[in-house]
Protein chains: 2
Amino acid sequence: MQLAEAKAQFIANWGRFGTNWGINRTMAQIHALLLVSPDNLSADEVMDQLNISRGNANMNLRELIDWGLVQKVIIPGERKEFFTAEKDIWKVARQIVKERKKRELDLMIPVLKDLSEVEGDRRDKAVKTFTDTIQNIRKFSEQADKTLDTMIKADENWFWSSVMKLFGSKH
Amino acid sequence: MQLAEAKAQFIANWGRFGTNWGINRTMAQIHALLLVSPDNLSADEVMDQLNISRGNANMNLRELIDWGLVQKVIIPGERKEFFTAEKDIWKVARQIVKERKKRELDLMIPVLKDLSEVEGDRRDKAVKTFTDTIQNIRKFSEQADKTLDTMIKADENWFWSSVMKLFGSKH
DNA sequence: CTGAACTTTCAAAAAATAATGAAAGATAGG
DNA sequence: CCTATCTTTCATTATTTTTTGAAAGTTCAG
């Protein structure tokens, strides 16, 4: 396979899987393009290579910057802004975990706390099932919260080697 | 807060977060409803409680069954089918991981293998960046593949206690 | 200042996704 | 068999999400 085709395939696939992750297709495609581009790209280059409009490129680049996956690069003496993506996938994964935790788990935990304070007689089966389930989800969420914080702080080698040790002890 | 309101809030929130996970709102709401219902529900009860059409209820229940999150329950002597959801969240999480791995990672890994075989001179910066990035993603994916398999097989106590031990050794 | 070069915004259009409900398909009891 | 009861399908409709592109905004060199 030639580079151009491989690149197109990579972008298409990254875009396809992105949609399963609460990220829109174009955003994931821009990310993929930047991941495999040796040089920083301008908005125009992104527009050209992906055949998207200026507005679309601008919005999704901003969103990628919000997610901490892409940075603006200002080159002295150039009017244009350039964009670059972190290429170390471990760092990318950690950044995604960090953001999703902030946007999802951290919002869910207080909601669960509220819900666990439902009034009612626990001898009522409906009340019991509700509180038990919420309680179960809370425990899980708080466990996950700690685990993800550790992963966010971890460096790659320490993390994987610890995880692998974990496996070794079981299998 | 009264049970009815708490239930409505839980369903609304579970539905909202579901959409970040490649699951549609209604599917997540049905799941939430079943999670907090002490009894198995018929399609009609799901329709009534969530105000959705018969076709919608049917489709999303099927999808939940495909995901292994809901089961059909046949009660002898009853014409209707009933539905029930696994209430242990650890099992639910494991099932979701299992399905998503099958639908995403297992499909991505062979694509990455293909892409890593791109032709071209590695002294060409574009080729080098591409192959390096793909290689980096492959390594990561294969590591994740093993880790997830272990999690899928693990039982809750073993898993969390191992993970907590992991933390203990670092902090 | 001025205006060329670039970025951002946002209302409108297009595309993608989800929901409806009526009709067709099962199934089981009589 | 028939028929009442329940489930499934799917063309149509509704909703949501994404994209476009022109206009407004910004910035900076001269």
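Just so it is clear, the structure is predicted and the values come from calculations on it, not from any experiment.

(A) Representation of the sheet that holds strand E2 (residues 70-74) of chain A within the structure. Residue and element names in this part refer to chain A. One open sheet holds the three strands; their spatial order is E1-E3-E2, and the pairing between them is antiparallel. Looking at which strands have only one partner, the edges of the open sheet turn out to be strand E1 (41-42) and E2. Packed onto the sheet, helix H4 (residues 54-66) meets E2 and strand E3 (81-85) and runs at close to 110° relative to E2.

(B) Region of interest: the protein's contact with DNA strand C. Taken together, 18 residues form the shell around DNA strand C, and within it Asn58(A), Arg62(A), Thr26(B), Ser53(B) and Arg79(B) come nearest. Among the atoms of DNA strand C lying within 4 Å of the protein, the sugar-phosphate backbone contributes 63%. Between DNA strand C and the protein, one listed contact pairs a phosphate oxygen with a side-chain N or O atom of Asn58(A) at 2.3 Å. Counting residues per element, the ones that place at least two in the surface near DNA strand C are H4 of chain A together with helix H4 (54-66) of chain B. Class assignment of the residues belonging to the surface near DNA strand C gives a composition of one nonpolar, nine polar and eight charged.

(C) Quick peek at the domain arrangement of chain A. Residues and elements named next belong to chain A. Taken domain by domain, chain A consists of domain 1 (3-85) and domain 2 (89-170). Taking only C-alpha atoms into account, the centre of domain 1 sits 31 Å from that of domain 2. Between domain 1 and domain 2, the buried area comes to about 690 Å², and carbon and sulfur atoms account for 69% of it. Ranking the residues of domain 1 by area buried against domain 2 places Trp21, Trp67 and Leu69 at the top, with a combined share of 64%.

Reading the values: rules and limits
Along each chain, residue indices are assigned from 1 in the same order as the chain's sequence is written. Following the order in which they are written, the chains are lettered starting with A and the ligands numbered starting with 1. Totals for whole chains, interfaces and linings use every residue, but because this is a predicted model, local features are given only for residues with pLDDT of at least 70 and side-chain atom pairs only at 80 or more, for both listing and counting. Remark: hydrogens and water are excluded; side-chain values derive from all non-hydrogen atoms of the structure. For two strands to be treated as a pair, DSSP must find at least two bridges joining them. Comment: elements are numbered from the N terminus, with helices defined as DSSP H or I runs of at least four residues and strands as E runs of at least two. We call two residues in contact when some of their heavy atoms are within 4.5 Å. Here the axes come from fitting lines to C-alpha atoms, over the contacting stretch only for helices, and the angles between their N-to-C directions go from 0 to 180 degrees. Here a residue is near a molecule or strand as soon as one of its heavy atoms is found within 4 Å of it. The definition of a polar contact used here is a pair of N or O atoms within 3.5 Å, where within protein one atom must be able to donate a hydrogen and the other to accept one, and adjacent residues in sequence count solely through side-chain atom pairs. Throughout this entry, Asp, Glu, Lys and Arg are counted as charged residues, while Ala, Val, Leu, Ile, Met, Phe, Trp, Tyr, Cys and Pro are counted as nonpolar. The remaining residues, Gly among them, count as polar. Each domain's extent is set by a domain assignment, obtained either automatically or from a database. Accessible area, probed at 1.4 Å, shrinks when two parts are joined; the buried area is that loss added up over both.

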